[in-house]
Amino acid sequence: MPLPPRAVIVHRATELSELIARHGTRQQAGFFLAGRGRDLAELDARHQAQTDALATISAAIPLDWRRTVAERNDLDRFVFGPEDVVIAVGQDGLVANVAKYLDSQPVIGINPEPDRNPGILVPHEPAAITELLAQREITERQITERTMVAATTDDGQQLIALNEVYVGHRSHQSARYRLGAERQSSSGILVGTGTGSTGWCRSAWQERHSPLALPGPIDPVLSWFVREAWPSPATGTDNTEGLLKAPDTLTITAESDLVVFGDGMETDTLTLTWGQRLEIGIAPVKLHLVS
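Residues numbered from 1 in each chain as written. Predicted model: local features only at pLDDT ≥ 70, side-chain atom pairs only at ≥ 80, totals over all residues. Heavy atoms only, no water.

Okay, the overall build of the protein next. If you tally the helices and strands in the protein, you get six helices and 18 strands. Within the span of the protein, comprising 291 residues, buried residues form 48% of the whole. Considering only residue pairs separated by 6 or more positions, the protein has 68% of its internal contacts joining residues 24 or more positions apart. Only carbon and sulfur atoms are counted for the fraction: they give 51% of the accessible area of the protein, which is about 14300 Å². Across the protein, the centroid of the 26 positively charged side chains sits 2 Å from that of the 37 negatively charged ones. (Helix = DSSP H or I, 4+ residues; strand = E, 2+ residues; numbered from the N terminus. Buried < 20%, exposed > 50% of the residue type's maximum accessible area, 1.4 Å probe, protein only. Contact = heavy atoms within 4.5 Å. Areas by Shrake-Rupley, 256 points an atom, 1.4 Å probe, with all protein chains shown as cover. Lys, Arg positive; Asp, Glu negative; His and termini not counted. Charge placed at Lys NZ, Arg CZ, Asp CG, Glu CD.)

Next up, the structure:
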């Protein structure tokens, strides 16, 4: 007998919660903010908006469904199941944070603060969850499949991301490696999807006035940029940007210790040692975002 669906509510701690945890009491948190020209009223309002959204979602989950909650900081230790329906409550970046741990489970993005968040990946207001979950199943008609990027080491480790993967030195010093046949020294390499084309990759693209046409969110294309490549007698700068279409990959061979992380999750990384090879290309799975 198949398991009933499980609603997995994903959120991150509010700024108010983090401040109280850091300073011990609400009074001390208020004193800290007052010394910087802020007060608790703004943080209270934002905290309440998320609390209300979580309450609305909890009340809308069908009684015969299972349910659980996962905070952003716990995602690298959370085990998702094939029957899960993921409900991400917060900023657009939260969807990117959770997407790398999924295998085609549908994601519903809920925006508790539409006056602050663009809502690109969290397009739904909290009240919409009732109608979405009342259908008991997410149909293919509602799903937008967004391209993801995968980084795979030569010993079989893999990291998947929705926006981009970064390859570079752990402390963002100069990274040394071979990109294809060219030896390079740089601040690292970004490889991003069309979804990531509105973030870090777009910054690199815009700063260098690149002529590349950045891909769209569902395009099966990745863009890549080398950050601040350094020309020297031993290192080149001829190969610093491009586009990748499946089955093409970007091959990076480490000539120093490197880390690889996706979507800003620096606590969840792959490591490369000298001589180890990394292949980056389009991921075999896609984010299934409920539109």
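Let's pick the thread back up.
The next thing to look at is the sheet that holds strand β8 (residues 164-168). Two orientations exist for strands paired in a sheet by backbone hydrogen bonds: parallel and antiparallel. Taken in spatial order, the six strands make up an open sheet running β13-β12-β11-β8-β15-β16, and their pairing is antiparallel. Strands with a single pairing partner mark the edges of an open sheet, and in this sheet they are β13 (241-245) and β16 (269-272). Strand-to-strand twist in this sheet, taken as the mean axis angle between neighbours without regard to direction, amounts to 20 degrees. Examined bridge by bridge, strand β12 (residues 221-226) and β13 share five bridges and lie antiparallel to one another. Bridging across to β13, Trp224 finds its partner in Gly242. The strands that helix α6 (residues 200-207) touches are β8, β11 (189-192), β12 and β15 (258-262); relative to β11, the one it contacts most, it runs at about 115 degrees. (Pairing = 2+ DSSP bridges. Axes fitted to C-alpha atoms, helices over the stretch in contact; angles between N-to-C directions.)

Now for the sheet that holds strand β9 (residues 175-179). The six strands lie next to each other as β7-β6-β17-β14-β9-β10, forming an open sheet whose pairing is antiparallel. The strands lining the two open edges of the sheet, one partner per strand, are β7 (158-161) and β10 (182-186). With strand direction ignored, the average angle separating the axes of adjacent strands in the sheet is 25 degrees. Here five bridges tie strand β6 (residues 149-153) to strand β17 (residues 277-282), and the two strands are oriented antiparallel to one another. For Thr152, the partnering residue across the bridge sits in β17 and is Glu279.

Tallied over the full model, the rule gives three aromatic pairs. Between Tyr166 and Trp200, the aromatic rings sit 5.5 Å apart at their centres with planes inclined by 15 degrees, giving stacked as the arrangement. With Tyr166 in strand β8 and Trp200 in helix α6, this residue pair connects regions lying 34 residues apart in the sequence. Ring plane angle 40 degrees and centroid distance 5.1 Å describe the contact between Tyr166 and Phe261, whose orientation is recorded as tilted. Separated by 95 residues along the polypeptide, Tyr166 in strand β8 and Phe261 in strand β15 bring together distant segments of the chain. Each residue in the set Tyr166, Trp200 and Phe261 is aromatic and connected to the rest through ring pairs, giving one cluster. (Phe/Tyr/Trp six-rings, centres within 6.5 Å; stacked < 30°, edge-to-face > 60°.)

Counting residues in hydrophobic clusters, the biggest one holds 26 residues, and the most contacted among them are Val10, Phe80, Val95, Val107, Leu162 and Leu287. Contributions of two or more residues to this core are made by β1 (6-11), β3 (84-89), α4 (92-99) and β18 (287-290). Broken down by element, the residue count for this core peaks at five residues, all from α4. Beyond its immediate sequence surroundings of up to four residues, Val10 is in contact with Ala70, Leu75, Val86, Ile87, Ala88, Val89, Leu94 and Val98. The next biggest cluster of nonpolar side chains, apart from the first, holds 24 residues, and it includes Tyr177, Ile252, Ala254 and Leu270. (Core = buried A, V, L, I, M, F, W, Y, C linked by side-chain atoms within 4.5 Å.)

Here the focus is the packing of helix α2 (residues 26-34) against helix α3 (residues 40-60). How two helices sit against one another is set out by the angle between their axes and by the gap between those axes. Two elements in contact, α2 and α3, have axes whose closest approach is 10 Å; the angle formed by their N-to-C orientations is 125 degrees. Here α2 lies oblique to α3, going by the angle between them. For the pair formed by α2 and α3, the contact residues are Arg26, Gly30 and Leu33 on the first element and Leu40, Leu43 and Asp44 on the second. Per-class residue counts for the contact of α2 with α3 are three nonpolar, one polar and two charged. (Parallel < 35°, antiparallel > 145°, perpendicular 65-115°, else oblique. Nonpolar A, V, L, I, M, F, W, Y, C, P; charged D, E, K, R; others polar.)

Relative to the assigned elements, Gln276 resides in the loop between β16 and β17. Of the residues examined, Gln276 reaches a relative accessible area of 12% and is grouped as buried. Apart from the residues within four sequence positions on either side, Gln276 is in contact with Thr153, Asp154, Asp155, Ile252, Thr253, Ala254 and Thr271.

In this model α3 runs 30 Å from its N-terminal to its C-terminal C-alpha over 21 residues, within 8% of the 30 Å that 1.5 Å per residue would give. Restricting attention to buried positions, one finds in α3 the residues Leu40, Leu43, Arg46, Gln50, Ala53, Ile57 and Ala60. On its buried side, α3 packs onto β1, α1 (15-23), α2, β3, β4 (106-110) and α5 (129-134). With a side-chain oxygen lying 2.9 Å from the backbone nitrogen of Ala41, the N-terminal cap of α3 falls on Asp39. (Expected span 1.5 Å × (residues − 1). Polar contact = N/O pair within 3.5 Å; in protein donor to acceptor, adjacent residues only side chain to side chain.)

Limitation: the analysis is restricted to geometry and does not speak to function.
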